[in-house]
Structures are given as C-alpha cells and as structure tokens.
There are 2 protein chains.
Amino acid sequence: MKALIIGAAGMVGRKLTERLANQPVLAGQALDALMLVDVIEPQAPQGADFAVETRALDLSEPEAATALLEERPDIIFHLAAIVSGESEADFEKGYRINLDGTRYLFEAIRQAHGADGYCPRVVFTSSIAVFGTPFPEAIGDEFLNAPLTSYGTQKAIGELLLADYSRRGFFDGIGIRLPTIAIRPGAPNKAASGFFSSIIREPLAGQEAILPVEESVRHWFASPRAAVGFLLHAAEVDTTSLGARRSLSMPGVSVTIAEEIEALRRAAGDKAVALIRREPDPTIMKIVAGWPQNFDPQRAIGLGFTADRDFDEIVRIHIEDELS
Amino acid sequence: MKALIIGAAGMVGRKLTERLANQPVLAGQALDALMLVDVIEPQAPQGADFAVETRALDLSEPEAATALLEERPDIIFHLAAIVSGESEADFEKGYRINLDGTRYLFEAIRQAHGADGYCPRVVFTSSIAVFGTPFPEAIGDEFLNAPLTSYGTQKAIGELLLADYSRRGFFDGIGIRLPTIAIRPGAPNKAASGFFSSIIREPLAGQEAILPVEESVRHWFASPRAAVGFLLHAAEVDTTSLGARRSLSMPGVSVTIAEEIEALRRAAGDKAVALIRREPDPTIMKIVAGWPQNFDPQRAIGLGFTADRDFDEIVRIHIEDELS
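Residues numbered from 1 in each chain as written. Chains lettered and ligands numbered in written order. Predicted model: local features only at pLDDT ≥ 70, side-chain atom pairs only at ≥ 80, totals over all residues. Heavy atoms only, no water.

Draft legend 1. Spatial organisation of the packing of helix H1 (residues 11-22) of chain A against helix H7 (residues 224-236) of chain A. Residue and element names in this part refer to chain A. Orientation of H1 relative to H7, taken along the N-to-C sense of each, is 70 degrees, at an axis distance of 9 Å. On the basis of their axis angle, the class for H1 and H7 is roughly perpendicular. Residues Met11, Val12, Lys15, Leu16, Arg19 and Leu20 of H1 form the contact with H7, whose own contacting residues are Pro224, Val228, Leu231 and Leu232. Across the contact of H1 with H7, the residue classes break down as eight nonpolar, no polar and two charged. (Axes fitted to C-alpha atoms, helices over the stretch in contact; angles between N-to-C directions. Helix = DSSP H or I, 4+ residues; strand = E, 2+ residues; numbered from the N terminus. Parallel < 35°, antiparallel > 145°, perpendicular 65-115°, else oblique. Contact = heavy atoms within 4.5 Å. Nonpolar A, V, L, I, M, F, W, Y, C, P; charged D, E, K, R; others polar.)

Following this line, the structure appears as structure tokens:
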C-alpha cells in the first residue's frame, strides 16, 4: 500500500504522518511507502518501518501534480490549503492554491487514469466553512453549501469537482468536512478561529489568552486525534454507499465558549481560567457570527466516523498528546 | 443603459434580444447600446432603436472577455454554455467553456473593478441541473446542490463564484436557475431534455414525435417568454435582499408527460396527440430519472419572479410566438 499526503507539513498532515509511523496500516493493509509533500519540504517521521520520500512542491504550478503520481499511490490525502484568514486577505492566492491547485491535482489523476486505468482513493479535506448563515438549529446532510468566505467557496468547489471526477470514474473520492480542530498545538496559524484553541492551550501552559467573542458563542469541534481518525476511516470506508454525494460533514462536539471554559476549569482549575482575558474584537465577532454552530451529521455517523465524546475529552487529548 | 449578452446566438439569447428590440427598457431605463456576443456571430435584431454591436468570440480564451468590457456595460447577461448532453460527452470542452469561460469573464470584471471601480449587474443563467437525486417532494431554497452531470457541476461552481465575487464587491451578481424551457422552437439542441418540447412542437406542426420515457415522468418547465421575463426581472431586482445567496431557483410549472399530452389535446385535438410515438429509450430514461420534478421556489416568488400559469399557457405561448 502506497500513500501520498499533500499538505503534509501542516498540523493535521503531521499528525497523520506520526500516526502512520506508529501504526503503518492503511485501509487494512500494510503501508509500504509514503510520500510527503508540501510547499515547504515536510519532515520525515522518526523510525518509520516503510519507505518515506519528502518533497517540496507548489501544487498551483500546472504540471506539478503529475510528478507525484509516478509511483501511482493507492491513497492520496489532499490536505493542502491556504487557510480562511489568508484566503480572505489574498483573493488571488486563495484561488490559485485552493481552487487551481486542487483542480490540477484532479486533472493529473484523470490523465493518469486515461493512460493506464489508475484509480486511487482520494481523501479531500473540506471544511464546515462551506456553510453560511442563516442556519437551521443543526445543519443536516441536505443543507445547502452557501459559504461566506472565499476559503469556503474554494472548498465547496473542490467538493463539486471531487464528486464529478468520482462519478466519471477518474478516481474514488471522498470529501470530509472537518469541524474546527481544537486544541491546535503550537503557534496560531492565520485562521480567524485560532482563539477557540488558544483560550485552552495558553492557560494550560500558564500563559494569558485573549477571548475576542462572547461566551455564548457556540461552535463545532474535533480534536486533532479525531481528525486523524476521520482521515484513516475515509481511506478505507466503502464509497459505494456514498452515491454521488461524496462529501460528508464529520461528527463533532458542539459547545459554547462558556462550556469550553468550564472544561478547562475541570482540567486545570480556576487559576487557569483566570488567565483568559476578555478583549471583544468586533471584526472577529462578525466573522464568527457567520459560522456553523451545530450539526446533525447522520450520514457520517452511519458510515462509522466517530467524534470525541465531549469537550473534556478534547482537552484531555491535548494534555496527553502535547503536554506529557 | 448599456447591456452585454454573452451567448446571444442561443435560443434564450435570441428571445431576449428580440424582446429588447421591441421594448428597449432595462432596469427601468432606456437601453442605449447592446453588444451581442457568441462563439458564432449573433444576428443583430431588426429595427432596434439603439446601437447594436455583434461579435464572435470564444469566452474560453483567457483574455477574450476583457475586450467585451471596454464600453463598461451596466448589465451583463451571461447565458453562454455547452449544454448538458455535450458537456457529458466531452468532459474537457464542458469544463473549458462552462467553468473556465465563466471564471475568465468574472476575472475580467474584477480587473476592471480594480482599475476604475466598475461594478456591473451580472445575470448568470444557472440550471436546475445543479440538483441531484434523492429529492424531497418539492425542492426548497435550502436544498443542497448535488449535481449528477458535469454540466450541473459546472453551473453549481459558477453559482459559487458568482456569490463570492459579489460578496467581495467586484460585481453585483444574480444567478437564476432556469427550469427546462418548453416549448423550444426550431431544431433540437444536444440537451437530453429535447423530447419534452418535441412531443408538443412536432405534433403542432403535423409531424410525428418520439416519446422515449414513461408518461408518469414529472418535470419542471417554463416557456421561453417566462425565461426572458426572469432575465429582465433579474436585471432590475434589488439584490440587497438576496444576502450572500445570489442564486435562485426560478418558479415554473410541474407537470407529468401525461399532463403535457392532455394540454396538447386541448390545444390541437386527438389527431395531434396521435402523432406521438412511444419508443422507450433506457439511456434517456435513466438520465431523466435523476432530474428534478418539482420545486418550492419561495425566495424567487417573494422577489417577484413569475412563472407561466400552467402548461396550457406554455403551449399557447408557443403557438402565439412561433406558429402565427
């Protein structure tokens, strides 16, 4: 079994790589070879029991993706993207990487399919940013994609292309709409959603964190560990039952900021909670007001995708995986 | 008021041009200049009371659209598309015209906006092909876009781009999802939906027509006259109430083939109906089984878009506009 991870230097890509290094099994088969690709060269994992190749590559170069398919990877994880904040700030860059890059990859697979019948599983990470207000109480599997950001637009277009290329038989695609990942380890990226993680991560590390929105804000979360679980399950799930609807909202945990804070209190006490400083930011408040709060992801649950149990578990996973 | 029609040589484009020649008013203002563009040079209308320019142009050439914007048209009708059957038969051509062509047009407008603040109304004709089975009893305004054809995929992507470019303020876009147009005058095009029209059109002209599906098949229709009405209303409707959801399912008439045939009988008698020959075609039956049957287009109705009253009116419009 050969796998390719595009966007391997990002947080989720690194977590997926680590997990494969520790448990080199993918879709029920032994992993023999892993290619890691990103715009900066990803790090090879320590002590992997399979061949690893790392490569720096700009997916938005028209022919770049072709070179990634020479070894005909059985499973392709396409995680590469410019995040929401940056796609909003730089219109052209967002479209170039998130739309053109994705399309070039899909086209390269189609060409390879035409050459020798190659038909890999393609796991595409989409986002709950494909949805926009007004929302129902919980977003179901038949709710429209009406993104309110360029990032969400690009992800929604990626989902449409994934479905059409799969329907045509060029590859076997599945799109997974990740909840907001919390707690993100390390330094914040340019996503406007960073505070959801930092109000837990910084206090756990004894540092002050800024909360720019009201405590009543509700949002939809999954831990990095759950996200890796979604990716691994997407690599092996039977896609025939998906029909033409190849993208799925992943299960998650719906909590308010107040509930996040109570989970922090249970894990680390009042002293940690006291490190959260309220500093309302109207710009962030406005962006966040357009974000999904809750889902009813029946299809994904029916297909065996599993979420974290609650936000306490999300906090515990951060402590176990990052702080021990 | 200056207007540009891209795809002006097609059936709907010609009807729109005719109507503007007869009533040169657009968005409540006198029409001064009209540019007609298509891949083959469109015909100028007879006796128009305004300046007309016609041009042959391939929208899928990267820089082609730029030249169309030199006069800064106030309203752009983007009707150009490879139809469903051809987009399915020629994957690359469909994406080149329907996706790349649309994106090049939107990009050219964005460049012009950046140069001098140009911000035209863009009326984009989308299609009910953005929807795919399984359907609810009537498709509402919050139902997901899950196309089952490459054409529907390309239209859904066009809708997403239209919304994002509008949200960014590059233009003021509105997408209208046309029902299947009946009765189409003249020779059939490559659309698989042609029989819905031909089973009325041919018998009215004393000719035999082939019905390739069951009489129980239900579908969603608008007359060419209603379609022109949608376009003209889209050119003037207040888009602020659309919010971020810039594309709307148009109202229409939901009837079965049996009901179509009864409308033909009322208009032209049993002799006309006897000209319909049943010749079931499994390929067409399979395609049609995936098509929408009925809608609940509350938003469009609320915004003042109006459909034909019933299928009898659709037949009468064909007789008045084409056969008299």
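There's plenty left to go through after this.
Draft legend 2. Quick look at the relation of the copies chain B and chain A. Its rotation angle being 180 degrees, the transformation that places chain B on chain A also includes 0.0 Å of axial translation and leaves an RMSD of 0.0 Å. Viewed as a symmetry operation, the transformation between the two copies matches a two-fold axis. Considering only C-alpha atoms, the part of chain B nearest the rotation axis is Leu144 of chain B, at 1.9 Å. Most of the interface of chain B is mirrored in chain A: 100% of its interface residues are interface residues there too. (Least-squares fit on C-alpha atoms with pLDDT ≥ 70 in both.)

Draft legend 3. Spotlight on the pairing of strand S11 (residues 218-222) of chain B. Residue and element names in this part refer to chain B. When you tally the buried positions in S11, you get four out of five residues, the bulk of the element. Where strand S9 (residues 180-181) meets S11, two bridges bridge the pair, whose relative direction is parallel. Each bridged residue has a counterpart across the sheet, and for Ile181 the counterpart in S11 is Ala222. In this sheet, strand S13 (residues 253-256) lies alongside S11 in antiparallel orientation, the contact comprising four bridges. Note on S13: the bridge partner recorded for Trp220 is Ser254. (Buried < 20%, exposed > 50% of the residue type's maximum accessible area, 1.4 Å probe, protein only. Pairing = 2+ DSSP bridges.)

Draft legend 4. Broad picture of the pairing of strand S4 (residues 33-38) of chain A. Residue and element names in this part refer to chain A. Most of S4 is tucked away, with five of its six residues classed as buried. Where strand S1 (residues 2-6) meets S4, five bridges bridge the pair, whose relative direction is parallel. Looking at S4, one finds that Ile5 is bridged to Leu36. Across six bridges, the pairing between S4 and strand S5 (residues 51-56) is parallel. The residue bridging Leu36 from the neighbouring strand is Thr54, located in S5.

Draft legend 5. Just the pattern of salt bridges, in detail. As enumerated under the stated definition, the model contains 50 salt bridges over all chains in all. We note a salt bridge from Asp100 of chain A to Arg103 of chain B, for which the minimum N-O separation is 2.7 Å. Within this pair, whereas Asp100 of chain A is found in helix H4 (residues 91-116), its partner Arg103 of chain B is found in helix H4 (residues 91-116), the two belonging to separate chains. One exposure class covers both Asp100 of chain A and Arg103 of chain B, and it is buried. A salt bridge links Glu322 of chain B to Lys15 of chain B; the nearest nitrogen and oxygen atoms lie 2.2 Å apart. (Salt bridge = Lys/Arg side-chain N within 4 Å of Asp/Glu carboxyl O.)

Draft legend 6. Quick peek at the environment of Lys2 of chain B. Residues and elements named next belong to chain B. Along the chain, Lys2 turns up in strand S1 (residues 2-6). In sequence terms Lys2 and Ala129 are 127 residues apart; their C-alpha atoms lie 31 Å from each other. Non-local contacts of Lys2, meaning those with residues more than four positions away in its chain, are made with Leu31, Ala33, Glu71, Arg72, Pro73, Asp74 and Ile75. A polar contact of 3.1 Å, which involves the side chain of Lys2, links it to the backbone oxygen of Glu71. (Polar contact = N/O pair within 3.5 Å; in protein donor to acceptor, adjacent residues only side chain to side chain.)

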